[in-house]
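One-letter residues, chain by chain:
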Amino acid sequence: MTHATLPTFRHGVHPPERKASTAALSVERMPFVERYIVPLSQHIGKAAVPLVKPGETVVRGQMLAKPDGFISTAVHAPVSGKILNLDLQPHPSGQLMQAFTIQADSFSAQTVDTQVPPDVDSLSIQETIQWVQNSGLVGLGGAAFPTHVKFSVPQGKRIQAVILNGCECEPYLTCDHRVMLEQPGNVVRGLRLMMRKLGAQKGYIGIESNKADAIDLLKNILSDQPDVEVVALNVKYPQGAEKMLLDAIFQKEVPSGKLPLDLEMVVNNVGTAAALAQYFDDGVPLIERVVTVTGPAVPEPKNLMVPLGTPLFEVLKHCAVDLERIRQVILGGPMMGFAQKNLQAPIIKGTSGILVFEQPLAEPIGELPCIRCSRCLDACPMFLNPSRLAAMVRREWTDELQQYHLMDCFECASCSYVCPSNIPLVHLMRLGKLMIRQAKAKEQVK
Amino acid sequence: MSAELYSLLQSGLLMAGLAVVFGSILAIAFRYLKVEEDPRIDQLEEMLPGNNCGACGSPGCRAFAEGLTVGSFRPAQCTVSSSDNIDRIAHFLGVDAGSIVKQVARLHCAGGKGLVKELAQYRGMTTCRGAVIVNGGGRACVYGCLGLADCERACSFGAIRMNTAGLPVVDTDLCTACGDCVDVCPLHLFHLEPLAQKLVVQCSSPLTGSLATSICAVACDACGRCVSDAEPGVLEMVSGLPVIRKADETQVNATYRCPTGAIQWVAKDQFPV
């Protein structure tokens, strides 16, 4: 099987993979630390509503905050201990957000207080959604979209196929790779559970060909199950974006402003599927996740199972990072991840990796004029025109930005990556989105 | 006559005919469907400053001129015009000039360089809106001024200049309260306030106590002294910050006991240039 024969999406880029230092490392458990910061908002949608007060003692796995409406999810205690505070604390978004500070009980056995859900096949779809929402499960790929929402199919729509995303196209990250290798049974059972609940006939697992061991393992397990297909994909960034994955596997394009649901498909991350299967087995809500800690400034790179709410500096210390020497910390992958200023901020549900550098990853070399080389157009997986959009952002032409579909940009940074003039294209795209929001807010005032 | 010449002539005549037909329709429309526009609108537009700043609440000077002729605006609502010009417009229209309270843009932050704790260095595009989308900029205070001068660039009157501490200084003589800086600031730090209201709250952080002061030397720590020192009803504490409930020109004692200087008695400009 050569690369040329493998399917992939159109456009995209080939950044260096840099996964070697962690790809072969089994997931280790991060020891419990003294204090945890558990934000009420760790997902897309409304922040959860607190159920406990400062001073109360909580047990690991206990629900601390309940969902506020449908697009919201629960938050649970990652550790047994005492709630010290509910106030504004650093958040990986850079803002200060409402969060519980929990003092871990160092004498506790840290056993989980759970309520095991009934057999999932005896539950109606509504009950399933309720259970999943109360488990606090979100998409573990990085965007942290509440998983239960994907079980809710609007009237008149049906789901033909469930696709699991095992691309992990971001450089450095290996957490999904390790989940597929170490919990292949959970991944497959999670997929089967979604297929049964959504009435889908087919299941697919898309994996990039640089994870050959995971492809072989899952193909072996699924050799007697013809309705689930493991699709090996050519390595290319950003294949792990759900719209790109559908283009790669089915050569189908999700129309502008629509969802995979409109193609009668649902895409979930492999880690999410594994966590879902695990939850219906033992009832442990989402209180920990696998995080890849790597980068040139990490002496001991690791794939870690980290309790949510562990402050970043504790994780870095555990990996023997010299906090005095580091210059840049990025949460997530290097392409779409977020630079961090405050290492007091905690690991949250969407944190897939921590990358640490002694020299900033993208040193500003100085911006040069656009030479109309069109590399950004060839890279953009959404077929936008980043150079044109960037010029419009500089002129603050918010109407034209919307006409040129800036809102379809999902900030994969392929354009910035290929630009020979060092134009901060993806930064300008994000700035353009902020300008559109400001213009809309101004409209509403009038 | 050859066929080519004929077709040339035919198309020429057709175009000429169409021109005559459409021309006469336009001529008739001009004659009978004409909308008389108040001639004063053009003259008023000449008299107005022509900045199209929007401070009056209309999209531009012409729309304001139209509003003046029908009486939906008062001349004084043009905050850019000098008082002489407003009198001239009022005299021209034969109306009362009206009066408005002179407002200026006030920055609800005083956290210049050296006063706010820096956590990291932001090295991207030098715009506030660019910095705010990268982890909220490099400063520990996520509510305060980033000092990258989006407001200075947005001000069409040259009323805003960044000082050496990286804070925007609003020239109260040049400020017309058009609100462009209010709209552009991603942290919503500018507020239009009456010039006569000398009490200015120069902090926007909801943090309280030592948490607030550990981040910024001039932060409001919500001690509440200003509220108790002012006359009742002037100041009110709302989510960790004093809010001025009524413009009062006498409440200077509200600022005396402020431990950080977050509430100030501002005679003219907020910060030294």
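Residues numbered from 1 in each chain as written. Chains lettered and ligands numbered in written order. Predicted model: local features only at pLDDT ≥ 70, side-chain atom pairs only at ≥ 80, totals over all residues. Heavy atoms only, no water.

## Quick word on the overall build of chain B
Line of reasoning, step 1. Broken down by element type, chain B carries nine helices and eight strands.
Line of reasoning, step 2. Radius of gyration (C-alpha) of chain B: 28 Å, far over the 19 Å computed for a compact globule of 273 residues.
Line of reasoning, step 3. With the principal axes as the frame, chain B shows a C-alpha extent of 100 × 50 × 30 Å.
Line of reasoning, step 4. Counting only residues that meet the buried cut, chain B has 43% of its 273 residues in that class.
Line of reasoning, step 5. In chain B, the proportion of contacts linking residues at least 24 apart, taken out of those at least 6 apart, comes to 57%. (Helix = DSSP H or I, 4+ residues; strand = E, 2+ residues; numbered from the N terminus. Rg over C-alpha atoms; globule rule 2.2 N^0.38 Å. Buried < 20%, exposed > 50% of the residue type's maximum accessible area, 1.4 Å probe, protein only. Contact = heavy atoms within 4.5 Å.)

## Brief notes about the overall build of chain A
Line of reasoning, step 1. Secondary structure summary: chain A contains 13 helices and 17 strands in total.
Line of reasoning, step 2. Taken against the 2.2 N^0.38 rule, which gives 22 Å for 446 residues, the C-alpha radius of gyration of chain A at 22 Å falls within 12% of a compact globule.
Line of reasoning, step 3. Its C-alpha atoms give chain A principal-axis dimensions of roughly 65 × 55 × 55 Å.
Line of reasoning, step 4. Buried residues in chain A amount to 55% of all 446 residues.
Line of reasoning, step 5. A separation of at least 24 residues holds for 73% of the contacts in chain A among residues at least 6 apart in sequence.
Line of reasoning, step 6. As displayed, chain A offers around 18900 Å² of accessible surface, 53% of which is attributable to carbon and sulfur atoms. (Areas by Shrake-Rupley, 256 points an atom, 1.4 Å probe, with all protein chains shown as cover.)

## Some remarks on the domain arrangement of chain B
All names here are of chain B.
Line of reasoning, step 1. By domain assignment, chain B separates into domain 1 (40-93) and domain 2 (103-265).
Line of reasoning, step 2. One C-alpha centre belongs to domain 1, the other to domain 2; they are set 32 Å apart.
Line of reasoning, step 3. Each partner contributes residues to the interface: domain 1 has six residues there, and domain 2 has five residues.
Line of reasoning, step 4. When domain 1 packs against domain 2, close to 410 Å² is buried across both sides, 60% of that on carbon and sulfur atoms.
Line of reasoning, step 5. Across the domain 1-domain 2 interface, the total number found is zero salt bridges.
Line of reasoning, step 6. Remark: the boundary between domain 1 and domain 2 carries one residue pair in polar contact (both at pLDDT 80 or more).
Line of reasoning, step 7. Taken together, the residues of the side of domain 1 that touches domain 2 break down into three nonpolar, three polar and no charged. (Domains from an automatic or database assignment. Buried area = accessible area lost by both parts, 1.4 Å probe. Salt bridge = Lys/Arg side-chain N within 4 Å of Asp/Glu carboxyl O. Polar contact = N/O pair within 3.5 Å; in protein donor to acceptor, adjacent residues only side chain to side chain. Nonpolar A, V, L, I, M, F, W, Y, C, P; charged D, E, K, R; others polar.)

## Description of the sheet that holds strand 7 (residues 81-90) of chain A
Line of reasoning, step 1. What the four strands build is an open sheet, ordered 2-8-7-4 (chain A); its pairing is antiparallel. Either end of the sheet is taken by a strand with one partner, and the two such strands are strand 2 (35-39) and strand 4 (57-58) of chain A. (Pairing = 2+ DSSP bridges.)

## Regarding the layout of surface pockets
All names here are of chain A.
Line of reasoning, step 1. In this structure, the second largest pocket occupies an estimated 1400 Å³ of space.
Line of reasoning, step 2. Among the elements that take part in the lining of the second largest pocket, helix 13 (residues 425-445) stands out by supplying 13 residues, more than any other.
Line of reasoning, step 3. Looking at the lining of the second largest pocket, its residues break down into 18 nonpolar, 10 polar and 13 charged. (1 Å grid on protein atoms, 1.4 Å probe; cavity = no way out; pocket = protein on both sides within 12 Å on 5 of 7 lines; lining within 4 Å. Points joined across faces, edges and corners; volume = space filled by probe spheres on them.)

## Topic: the domain arrangement of chain A
All names here are of chain A.
Line of reasoning, step 1. Domain annotation of chain A identifies domain 1 (3-10 + 121-282) and domain 2 (375-445).
Line of reasoning, step 2. The distance between the C-alpha centroids of domain 1 and domain 2 comes to 29 Å.
Line of reasoning, step 3. Each partner contributes residues to the interface: domain 1 has nine residues there, and domain 2 has eight residues.
Line of reasoning, step 4. Between domain 1 and domain 2 lies a buried interface of about 660 Å² when both sides are counted; carbon and sulfur atoms form 64% of it.
Line of reasoning, step 5. The tally of links between domain 1 and domain 2 comes to zero salt bridges.
Line of reasoning, step 6. Put simply, domain 1 and domain 2 have three residue pairs in polar contact (both at pLDDT 80 or more) between them.

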